[in-house]
Amino acid sequence: MSHTLRPWRIYRSSQGTGRVYVLGGSPDDALADVILSPTTSLNYVANAHLIAAAPELLDAATLALDMLLHLPDRIGGIGTGYVKERLEAAILKAEKGDA
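Residues numbered from 1 in each chain as written. Predicted model: local features only at pLDDT ≥ 70, side-chain atom pairs only at ≥ 80, totals over all residues. Heavy atoms only, no water.

Asks: Please explain a nonpolar patch on the surface as it appears in this structure.
Replies: Where nonpolar side chains cluster on the molecular surface, the patch consists of Met67, Leu71 and Ile75 and spans about 260 Å² of accessible area. In this fold, Leu71 is placed in the loop between helix H2 (54–69) and strand S4 (74–75). (Patch = residues over 30% accessible without salt bridge, like charges linked within 9 Å, V, L, I, M, F, W, Y side chains within 5 Å. Areas by Shrake-Rupley, 256 points an atom, 1.4 Å probe, with all protein chains shown as cover. Salt bridge = Lys/Arg side-chain N within 4 Å of Asp/Glu carboxyl O. Helix = DSSP H or I, 4+ residues; strand = E, 2+ residues; numbered from the N terminus.)

Asks: In this structure, what is going on with the sheet that holds strand S2 (residues 19–23)? I would like to understand it.
Replies: What the 3 strands build is an open sheet, ordered S1-S2-S3; its pairing is antiparallel. Here the strands that pair on one side only, and so sit at the sheet edges, are strand S1 (9–12) and strand S3 (30–35). The average undirected angle you get between the axes of adjacent strands in this sheet is 25 degrees. Relative to S2, S1 runs antiparallel, the two being bridged by 4 bridges. (Pairing = 2+ DSSP bridges. Axes fitted to C-alpha atoms, helices over the stretch in contact; angles between N-to-C directions.)

Asks: Help me understand the pattern of salt bridges, please; the structure alone is not making it clear to me.
Replies: Pairing between side chains of opposite charge can happen when their charged atoms approach one another. Summed over the entire model, instances satisfying the criterion amount to 1 salt bridge. The shortest N-O distance in the salt bridge between Lys84 and Asp73 comes to 3.2 Å. Pair noted here: Lys84 is in helix H3 (residues 81–96) and Asp73 is in the loop between H2 and S4, with a separation of 11 residues, a long-range link. Judged by relative accessible area, which is 56%, Asp73 ranks as exposed. (Buried < 20%, exposed > 50% of the residue type's maximum accessible area, 1.4 Å probe, protein only.)

Asks: How should helix H1 (residues 43–52) be read in this particular structure?
Replies: Each turn of an α-helix holds 3.6 residues, which means side chains three or four residues apart point in the same direction. Residues of H1 that are buried: Tyr44, Val45, Ala48 and Ala52. Angular distribution of buried residues about the axis of H1 spans 100 degrees; they occupy a single face of the element. Tucked into the core, H1 has its buried residues touching S1, S2, S3 and H2. (Arc of directions from axis to C-beta. Contact = heavy atoms within 4.5 Å.)

Asks: Is there a simple way to think about the packing of H2 against H3 in this case?
Replies: Contact pair H2 / H3: the axes reach a minimum separation of 10 Å and the direction vectors enclose 145 degrees. The handedness of the crossing between H2 and H3 comes out as left-handed. The segment H2 lies against H3, with Leu58, Ala61, Thr62, Ala64, Leu65, Leu68 and Leu69 engaging Val83, Lys84, Leu87, Glu88, Ile91 and Ala94. Looking at side-chain class alone, the contact of H2 with H3 contains 10 nonpolar, 1 polar and 2 charged residues. (Left-handed = near helix turned anticlockwise from the far one by under 90°. Nonpolar A, V, L, I, M, F, W, Y, C, P; charged D, E, K, R; others polar.)

Asks: Help me understand the packing of aromatic side chains, please; the structure alone is not making it clear to me.
Replies: Geometrically, a pair of aromatic rings is defined through the distance of the ring centres and the angle of the planes. What the rule picks out here adds up to 1 aromatic pair. Ring geometry for Tyr11 and Tyr21: centres 6.3 Å apart, planes at 25 degrees, overall stacked. With Tyr11 in strand S1 and Tyr21 in strand S2, this pair connects stretches of sequence that are 10 residues apart. Residue class for Tyr11 comes out partly exposed when judged on its relative accessible area of 43%. (Phe/Tyr/Trp six-rings, centres within 6.5 Å; stacked < 30°, edge-to-face > 60°.)

Laid out in structure tokens, this is it:
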């Protein structure tokens, strides 16, 4: 599975509809429609920003995991295994979906 090329950005509706769109490389490339609802409160804008940051977060997680894989399992008394597992799980979720 591959995702839409970045950059992803948000576009807030100027019509007061409570909608924020996450767009891909072109204006016609709508990736998500994040809507204000009674259950989302005002978190819908923060959610849109998080969705738009997803490609960069995936790249950062992949780089961090690659770096950790080349380090010892313990650094100054701190185990790196837990962090590696969390990064691997997040990357797998982003690339393959929920298992």
